[in-house]
Amino acid sequence: MPAYQMPDEKGYFGRYGGRFVPETLIPALEELTEAYLHYKHDPDFQRELNYYRITYAGRPTPLYYARNMSLALGHDIYLKREDLCHTGAHKINNALGQALLAKKMGKKRIIAETGAGQHGVATATACALFGLECEIYMGAEDMERQALNVFRMILLGAKVHAVKSGTATLKDATSEAIRDWVTNVRTTHYIIGSCVGPHPYPMMVRDFQAVIGEEAREQMLNYAGRLPDVVLASVGGGSNAIGIFYPFIEDEGVRLIGVEGGGKGLDTDQHAASLTAGEYGILHGSASLVLQTEDGQIRTTHSVSAGLDYPGSGPEHAYLKEIGRAEYVAVSDEEALSAFAWVARKEGIIPALECAHAFAYLVKLSAELPAGSIVLVNLSGRGDKDVNHVAQLIYDRADATSETPQTSSPG
Ligand SMILES: *Cc1c(COP(=O)(O)O)cnc(C)c1O
């Protein structure tokens, strides 16, 4: 029996996790937990999910030996190519799993919240595939900034609700989605987009994303002949990181490192590094490490990468940090932006800004590792969605200094 079995029956990872939600939602969470545990062990469900992973999402994704990067850094760098998944990132792994589960549970309506729109697009995609009704809550402010993703969701047949309350961003969209769920819980499943929220979500999202690490572990043994020394992944809510970490948790020699959005620096209040710099608190239905003020108000956050710009992280990450099994660090916007350009030039792969953070840390870490170490990096998504934003940042800067636009590059 494996030594690592988390969470416990109540959904706790040590002192993190649990269910901090209105009483009216408890029966729905119980029903979901029961259904999930049933289908997790149902070979027919697993076979069907696997069928869609292979024929629809494009799994298994390749493990790529990044030769140019390896030569530059003096280590063997392997990339897990989640950027090659249908819709361009790992988020589809979770959306497919939860949408299929909802269908089995007889729920015909799906709701979700989305910030930058990536989770909304993945959810709308899975709903189109399975013929489910789809309604997405999105802050009005975010809808303006992410107009293209809003159009994608509409094309895919989803209804997008503009949330105008509060700051009109992700936090408010989440509150609206919860309100909808409380009202329509009999017919509706709520697809949460990362390993956050009340039990069973952190466990369920981890399990649906663990396919990343299961494949990567086997691929490492096949191609490199041994396990990596280090596994690196970016952490927003933490789903791509826990997905690649989980199958390595009992491999004691493998260092697991999560890289957060350090924004303008941890000495400012403009960052999103909840595991590196946060405290014990409650956010979106569970206990974890969160960014909050002294009187317990959730702080506003900043990251150049929308997917990392979230004031908390999944409870399992807080636990892995506490027991010393995983390490968490942060890199700044600037460092991530130069890594973004560096990866593109070195390997011909434009990474998502989220995983550019992991690459920025890879460059730093390389200086400390014994020569010839093996590092596995989760390339969680492609950067096409970020190109406009990065171009704007570079041109704005060039305007300010009246220089020719350039991107710097480390190493
Ligand atoms: C959403 C997103 C992330 C951050 O979310 P996690 O739940 O922490 O994985 C990271 N990378 C990409 C490409 C994303 O779209």
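That block above? That's the structure.
Quick caveat: nothing in here was measured; it's all calculated off a predicted structure.

Draft legend 1. Representation of the environment of glycine 307 in the model. One can find glycine 307 in the loop between strand E12 (286-290) and helix H13 (315-322). Separated by 190 residues in sequence, glycine 307 and glycine 117 place their C-alpha atoms 9.3 Å apart. Not counting chain neighbours up to four residues away, the residues in contact with glycine 307 comprise Gly236 and Glu354.

Draft legend 2. Structural context of the pattern of salt bridges. Across all of its chains, the model carries 23 salt bridges by this definition. The partner of aspartate 207 in a salt bridge is lysine 40, and the shortest N-O contact between them spans 3.2 Å. Highlighted residues: aspartate 207 in helix H9 (residues 201-209) and lysine 40 in helix H1 (residues 26-40), separated in sequence by 167 residues. Note on aspartate 207: relative accessible area 14%, which makes it buried. For aspartate 83, the salt bridge identified is with arginine 81, shortest N-O distance 2.8 Å. Assessed through its relative accessible area of 13%, arginine 81 is described here as buried.

Draft legend 3. Region of the structure containing the nonpolar core. Counting 54 residues, the largest nonpolar core has Leu96, Leu101, Met153, Trp181 and Tyr201 as its most contacted members. Broken down by element, this core gets its largest block of residues, 7 residues, from helix H4 (residues 91-104). The residues contacting tryptophan 181, other than those within four sequence positions of it, are Leu25, Ala28, Leu29, Ile111, Thr188, His189, Tyr190 and Tyr201. Listed in part, the 33 residues of the second largest apolar core include Tyr16, Cys195, Ala241 and Ile242.

Draft legend 4. The sheet that holds strand E6 (residues 133-139), seen in detail. Pairing is parallel in the open sheet, where 4 strands are placed in the order E7-E6-E5-E8. Here the strands that pair on one side only, and so sit at the sheet edges, are strand E7 (159-163) and strand E8 (188-190). Averaged over all neighbouring strand pairs, the angle between strand axes comes to 25°, with direction disregarded. Relative to E7, E6 runs parallel, the two sharing 5 bridges. For tyrosine 137, the partnering residue across the bridge sits in E7 and is histidine 161. In this fold helix H8 (residues 170-184) packs onto strand E5 (109-114), E6, E7 and E8, with an angle of close to 160° to the strand it touches most, E5.

Draft legend 5. Representation of the sheet that holds strand E4 (residues 76-81) within the structure. A sheet is described by the order of its strands in space; here 6 strands give the open sequence E3-E4-E14-E9-E10-E13, paired in mixed fashion. Looking at the sheet topology across the chains shown, the edges are occupied by strand E3 (63-65) and strand E13 (326-331). For this sheet, the mean inter-axis angle between neighbouring strands, taken without regard to orientation, is 25°. The pairing of strand E9 (residues 230-234) with strand E10 (residues 255-261) spans 5 bridges and is parallel. Counterpart to valine 231 in the pairing with E10 is leucine 256.

Draft legend 6. Representation of the packing of aromatic side chains in the model. Throughout the structure, instances matching the rule amount to 10 aromatic pairs. Where tyrosine 51 meets tyrosine 52, the ring centres are 5.1 Å apart and the plane angle is 80°; that geometry is what we call edge-to-face. Centre to centre, the rings of tryptophan 181 and tyrosine 201 are 6.3 Å apart; their planes meet at 70°, and the pair counts as edge-to-face. Note that tryptophan 181 is positioned in helix H8 and tyrosine 201 in helix H9, a separation of 20 residues in sequence. Pairwise contacts between aromatic rings join Tyr51, Tyr52 and Phe130 into one cluster. A cation over a ring is seen here: arginine 206 above tyrosine 246, with NZ or CZ 4.1 Å from the ring centre.

Draft legend 7. Spotlight on the site of the ligand. Contacts to the ligand come from 16 residues, most closely from Lys91, Ser194, Gly236, Gly238 and Ser239. For the ligand, an oxygen atom lies 2.6 Å from a polar atom in the side chain of serine 194. Here an oxygen atom of the ligand and a backbone polar atom of glycine 236 are 2.7 Å apart. Bound to the protein, the ligand loses 97% of the 380 Å² it would expose on its own. Split by residue class, the shell around the ligand holds 3 nonpolar, 11 polar and 2 charged.

Draft legend 8. Spatial organisation of the packing of H9 against helix H10 (residues 211-223). Running from N to C, H9 and H10 point in directions that differ by 35°, and their axes come no closer than 4 Å. Across from Asp207, Phe208 and Gln209 in H9, the residues of H10 making contact are Val211, Ile212 and Gly213. Considered class by class, the residues forming the contact of H9 with H10 number 3 nonpolar, 2 polar and 1 charged.

Reading guide: rules and limits
Per chain, residues are indexed from 1 in the order of the written sequence. Where local features are concerned, this predicted model is filtered to residues with pLDDT of at least 70; where side-chain atom pairs are given and counted, the filter is 80 or more; whole-chain, interface and lining totals use all residues. Side-chain metrics in this entry use all non-hydrogen atoms of the structure; hydrogen atoms and water are not considered. Each helix is a run of H or I in the DSSP string that is no shorter than four residues. Each strand is a run of E no shorter than two, and both are numbered from the N terminus. Only heavy atoms enter the contact rule, under which two residues are in contact if any of them lie within 4.5 Å. Each salt bridge in this description consists of a side-chain nitrogen of Lys or Arg and a carboxyl oxygen of Asp or Glu lying within 4 Å of one another. When accessible area is computed with a 1.4 Å probe and restricted to protein chains, residues below 20% of their type maximum are described as buried, those above 50% as exposed, and intermediate ones as partly exposed. In plain words, nonpolar cores are sets of buried Ala, Val, Leu, Ile, Met, Phe, Trp, Tyr and Cys residues tied together by side-chain atoms within 4.5 Å. In this analysis, strands are considered paired if DSSP registers two or more bridges between them. Convention adopted: a line fitted to C-alpha atoms gives each axis, helices being fitted over their contacting stretch, and angles between N-to-C directions are expressed from 0 to 180 degrees. Each aromatic pair joins two rings of Phe, Tyr and Trp (for Trp, the six-membered one) with centres within 6.5 Å, and gets the label stacked for planes under 30 degrees apart, edge-to-face for over 60, and tilted for any other angle. The rule is short: NZ of Lys or CZ of Arg within 6 Å of the ring centre and within 35 degrees of the ring normal puts a charge over the ring. To be near a molecule or strand, a residue needs just one of its heavy atoms within 4 Å of it. Between N or O atoms, a polar contact is any pair within 3.5 Å; within protein, one atom must be a potential hydrogen donor and the other a potential acceptor, and residues adjacent in sequence are included only when both atoms are from side chains. Note on areas: Shrake-Rupley with a 1.4 Å probe; residue coverage comes only from the protein chains shown. All amino acids are sorted into three groups, where Ala, Val, Leu, Ile, Met, Phe, Trp, Tyr, Cys and Pro are nonpolar, Asp, Glu, Lys and Arg are charged, and the leftover types, Gly among them, are polar.

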